[in-house]
Amino acid sequence: MDKFEKLTGIAAPMPLVNIDTDMLIPKQFLKTIKRSGLGVNLFDEMRYNQDGTEKPDFVLNQPQYRDTEILVAGDNFGCGSSREHAPWALKDFGIRAIISTSFADIFYNNCFKNGLLPIALPAEAVEVLMKDAEKGSNARMTVDLEAQTVTTSDGESFSFEIDSFKKHCLLNGLDDIGLSMEKAPAIDTYEAQAAQARPWV
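Note that the coordinates shown come from a computational prediction; the quantities given were computed from them, not determined experimentally.

Student: Outline the packing of aromatic side chains, supporting the account with residue identities and numerical values.
Tutor: Ring pairs (aromatic) are described by centroid distance and by the angle formed between their planes. Throughout the structure, instances matching the rule amount to six aromatic pairs. Taken together, a centroid distance of 6.5 Å and an interplanar angle of 15° make the contact between Phe103 and Phe107 stacked. A single burial state applies to Phe103 and to Phe107, both of which are buried. Grouped by ring-pair contacts, the aromatic residues Phe77, Phe103, Phe107, Tyr108 and Phe112 constitute a single cluster. Between Lys166 and the ring centre of Phe112, over which it is positioned, the NZ or CZ distance is 5.8 Å.

Structural data, given as structure tokens:
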């Protein structure tokens, strides 16, 4: 899993509440177990017409937001079913951080397991960040995980809270497998001792 330390990038404004996982990645794209390739279908029904052409009014189709790395969204982001494909699609598109006033619990936890940083901030702060994101590609926002801050293009900074264990995992690029591999020496020692004590196993 990629480390997340500090990100400065384009932020897209998406002032919708209750963006659910079916909006993020519709059910017809859930057949795959690969984490790559889903970015093209992120927000599929909002991004494309029935004939496959892009809807020019959708924010991520607009030229200034095609390289978006940060989403500033409305309340209750990631609600709905517990599909892990949602953070997969966001990550594959290129988004590394989502800022909202609140997140659905399962989606929130799935983000950390996939190298995404969900940031919950008060409504007043999200409103400021939303307006900053509306400036387009000339306004780049900075997310600093170590300092736990989000800074607008004008230098206004907001602090956010994060669980220390989740922060450690993101800073070091550790998913569940990576966490297990940190214990590899202890696991090897145990296996060697077990094989010696019970050679018939």
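Student: Could you give me a rundown of the nonpolar core, with the residues and numbers involved?
Tutor: Core analysis: the biggest nonpolar cluster contains 29 residues, and Phe77, Leu90, Ile98 and Phe107 have the highest contact counts within it. Sorting the residues of this core by element identifies β1 (6-14), β2 (70-73), α3 (85-93) and α4 (105-113) as the ones contributing at least two each. For this core, the leading source of residues is α3, giving five residues. By size, the runner-up hydrophobic cluster in this structure holds 25 residues, among which are Leu7, Ala11, Leu117 and Ile119.

Student: Outline α3, listing residues and values.
Tutor: Of all nine residues in α3, seven are buried, a share of seventy percent or more. Looking at α3, one finds that the buried residues are His85, Ala86, Pro87, Trp88, Ala89, Leu90 and Phe93. Close packing links the buried residues of α3 with α1 (21-24), α2 (44-47), β2, β3 (97-100) and α4. Gly94, located one to two residues past α3, shows a positive phi value of around 125°.

Student: Account for the packing of α3 against α4, naming residues and giving values.
Tutor: Axes are the key here: two packed helices are described by the angle between their axes and the distance separating the axes. For the pair α3 and α4, interaxial distance at closest approach is 9 Å and the crossing angle is 50°. Here α3 is positioned oblique relative to α4, judged by the angle of their axes. For the pair α3 and α4, the crossing hand works out as right-handed. Along its contact with α3, which presents Ala86, Pro87 and Leu90, the element α4 presents Phe107, Asn110 and Cys111. Looking at the contact of α3 with α4 residue by residue, the class counts come to five nonpolar, one polar and no charged.

Student: Report on the side chain of Thr68, specifying residues and quantitative values.
Tutor: By secondary structure assignment, the location of Thr68 is in the loop between α2 and β2. Relative accessible area serves as the criterion here: at 1%, Thr68 is assigned to the buried category. A polar contact of 2.6 Å, which involves the side chain of Thr68, links it to the backbone oxygen of Tyr65. In contact with Thr68, not counting residues within four places along its chain, are Ile10, Ala12, Leu60, Phe93, Gly94 and Ile95.

Student: So what's going on with the pairing of β3? Which residues, and what values?
Tutor: Working note: regular strand, side chains alternate between the two faces of the sheet. Side-chain alternation along β3 places Ala97 and Ile99 on one buried face and Ile98 and Ser100 on a second face that is also buried. Pairing of β2 with β3 involves three bridges; the strand directions are parallel. Its bridge partner being in β3, Ile70 is matched across the sheet by Ala97. Between the parallel pair β2 and β3, the chain is carried across by α3, and the sense of this crossover is right-handed. Handedness of the crossover joining β3 and strand β4 (residues 117-120) through α4: right-handed.

Definitions and cut-offs
- Residues numbered from 1 in each chain as written.
- Predicted model: local features only at pLDDT ≥ 70, side-chain atom pairs only at ≥ 80, totals over all residues.
- Heavy atoms only, no water.
- Phe/Tyr/Trp six-rings, centres within 6.5 Å; stacked < 30°, edge-to-face > 60°.
- Buried < 20%, exposed > 50% of the residue type's maximum accessible area, 1.4 Å probe, protein only.
- Lys NZ or Arg CZ within 6 Å of the ring centre and 35° of its normal.
- Core = buried A, V, L, I, M, F, W, Y, C linked by side-chain atoms within 4.5 Å.
- Helix = DSSP H or I, 4+ residues; strand = E, 2+ residues; numbered from the N terminus.
- Contact = heavy atoms within 4.5 Å.
- Axes fitted to C-alpha atoms, helices over the stretch in contact; angles between N-to-C directions.
- Parallel < 35°, antiparallel > 145°, perpendicular 65-115°, else oblique.
- Left-handed = near helix turned anticlockwise from the far one by under 90°.
- Nonpolar A, V, L, I, M, F, W, Y, C, P; charged D, E, K, R; others polar.
- Polar contact = N/O pair within 3.5 Å; in protein donor to acceptor, adjacent residues only side chain to side chain.
- Pairing = 2+ DSSP bridges.
- Right-handed = clockwise from strand over helix to strand, strands pointing away.

These results come straight from atomic positions and should not be treated as a statement about function.
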